[in-house]
Amino acid sequence: MAASSNSSLSGSSVSSDAEEYQPPIWKSYLYQLQQEAPRPKRIICPGEVENRPKYYGREFHGIISREQADELLGGVEGAYILRESQRQPGCYTLALRFGNQTLNYRLFYDGKHFVGEKRFESIHDLVTDGLITLYIETKASEYISKMTTNPIYEHIGYATLLREKVSRRLSRSKNESRKASVTNEEHTAVEKISSLVRRAALSHNDNHFNYEKTHNFKVHTFRGPHWCEYCANFMWGLIAQGVRCSDCGLNVHKQCSKHVPNDCQPDLKRIKKVYCCDLTTLVKAHNMQRPMVVDICIREIEARDGEKADISANIYPDINIITGALKLYFRDLPIPVITYDTYSKFIDAAKISSADERLEAVHDVLMLLPPAHYETLRYLMIHLKKVTLNEKDNFMNAENLGIVFGPTLMRPPEDSTLTTLHDMRYQKLIVQILIENEDVLF
């Protein structure tokens, strides 16, 4: 178990890995309460119940009334039975004794047992978790409501610790990059480029691009006692005790997650791929200004003497492979370069009849893009502007490029074929405007 609340700041050590990081002072009050919570006491039915559901055990007592259930529990804290409703046959109820009263919960099963959001493998675990939650929320409701008001997250300078962790990780990554081997010949073109991007990023991360990024919190079940890295209080319960950021590994209570600053620093070991990865997450993990795949593809398309060129003409003589890899990267982004949040605003801007007003509206919406998305779009537009300067050779003007890149760079939030078809001309126009006015808009 972690150190008690009497531990000192000076005597603590901090791990370099986010999920192993532990604040130097634990607040053990809630842990002590969990230890005091009533234990489940199953009241077994003395006889075999006809038509007992196969997923319930001897705690099932068949069709009985609330009054009968209350009598069977005998006023024992933590005692529980299962019963079938008299009023609604086929509906099942958990009758649980807590706080000198019998509580009745509608019980469900879909492969796991549940009465609320949490799902359990067994009724015993469900009741155990329920008793812990009831006990803690009864004894410490005021304490819980105030947990986020004095967070250890701020007092110990978590952001500083995070920067130190990143610095150590980058140093370690550079050493690892020197040992990186050439990609296996059996990989596809995209896999090769993806691997190259990861290696190249490791050698270009001396710069620090502090794009703001929200944490990607997901409900998580922690094994063994676990403490919140925001408020330093114990995460109570058996399962789904809190949330974990899948990008950096920060572990906090669900209620605390609403107060954590947008300071996520994704960990490379958690980012397993380049394609299909959130754009901001990728550039933060690699500490890049924009995705390396965009840089190396565009440089190769423009120059054909790529930097230490794994994607040079010797390896990929057909330039369409490189342009295809670039477009595939943009298509596979979970959030498009022109984000879902700004999509409708760009479409509305494209519908403005006055050219000057339309250009001003497009500029205003550009300012709403997340920094990493803005920078990536800016770099791509500079490249596409260069492409149009060679229109005599490549037959690609701004309008043609708008047709090609419109659906790639912007997609409607709702997956609607009708909306997509209706908006195609506006998507094309937006990209055309961005290319033709690149020097003004960016």
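Predicted model, so just to flag it, every value in this text is computed and none were measured. (Residues numbered from 1 in each chain as written. Predicted model: local features only at pLDDT ≥ 70, side-chain atom pairs only at ≥ 80, totals over all residues. Heavy atoms only, no water.)

### Quick notes on the packing of helix H1 (residues 29–36) against helix H3 (residues 123–139)
- Running from N to C, H1 and H3 point in directions that differ by 130°, and their axes come no closer than 9 Å. Considering their axes alone, H1 and H3 lie oblique with respect to each other. When the axes of H1 and H3 are compared, the crossing they make is right-handed. Of H3, the residues touching H1 (which contributes Tyr-29, Leu-30, Leu-33, Gln-34 and Glu-36) are Ile-132, Tyr-135, Ile-136 and Lys-139. (Axes fitted to C-alpha atoms, helices over the stretch in contact; angles between N-to-C directions. Helix = DSSP H or I, 4+ residues; strand = E, 2+ residues; numbered from the N terminus. Parallel < 35°, antiparallel > 145°, perpendicular 65-115°, else oblique. Left-handed = near helix turned anticlockwise from the far one by under 90°. Contact = heavy atoms within 4.5 Å.)

### Brief notes about the pattern of salt bridges
- Throughout the structure, instances matching the rule amount to 15 salt bridges.
- Where Lys-213 meets Asp-247, a salt bridge forms, and the shortest distance between an N and an O atom there is 2.8 Å. With a gap of 34 residues between them, Lys-213 in the loop between helix H7 (189–202) and strand S7 (217–220) and Asp-247 in the loop between strand S8 (242–245) and strand S9 (251–252) connect regions that are remote in the sequence. In this structure, Lys-213 and Asp-247 share a single accessibility class: buried.
- Connected via shared salt-bridge partners are Arg-290, Asp-295, Arg-299, Glu-375 and Arg-378. (Salt bridge = Lys/Arg side-chain N within 4 Å of Asp/Glu carboxyl O. Buried < 20%, exposed > 50% of the residue type's maximum accessible area, 1.4 Å probe, protein only.)

### Some points on helix H16 (residues 417–436)
- For H16, built from 20 residues, the straight-helix expectation of 28 Å at 1.5 Å per residue is met to within 8% by its first-to-last C-alpha distance of 28 Å.
- Asp-423 marks where H16 bends most, by close to 50°.
- The complete set of buried residues in H16 reads Asp-423, Tyr-426, Gln-427, Ile-430, Val-431, Gln-432, Ile-433, Leu-434 and Ile-435.
- Along its buried surface, H16 packs onto helix H11 (340–350), helix H12 (355–366), helix H13 (371–388), helix H15 (398–409) and helix H17 (438–441). (Expected span 1.5 Å × (residues − 1). Bend = angle between axes of the 7 residues up to and from the residue.)

### Focus on unusual backbone geometry
- A positive phi angle, near 65°, is found at Asn-51, a position not held by glycine.
- Among the secondary structure elements, Asn-51 is positioned in the loop between strand S1 (41–42) and strand S2 (60–63).
- A relative accessible area of 67% places Asn-51 in the exposed class.
- Positive phi, close to 45°, is recorded for Ala-240, a residue that is not glycine.
- Within the secondary structure, Ala-240 is located in the loop between S7 and S8.

### A closer look at the sheet that holds S7
- One open sheet holds the three strands; their spatial order is S7-S8-S9, and the pairing between them is antiparallel. Of all the strands in the sheet, the pair left with one neighbour each is S7 and S9.
- Examined bridge by bridge, S7 and S8 share four bridges and lie antiparallel to one another. Pairing of Lys-218 across the sheet is with Arg-244, part of S8. (Pairing = 2+ DSSP bridges.)

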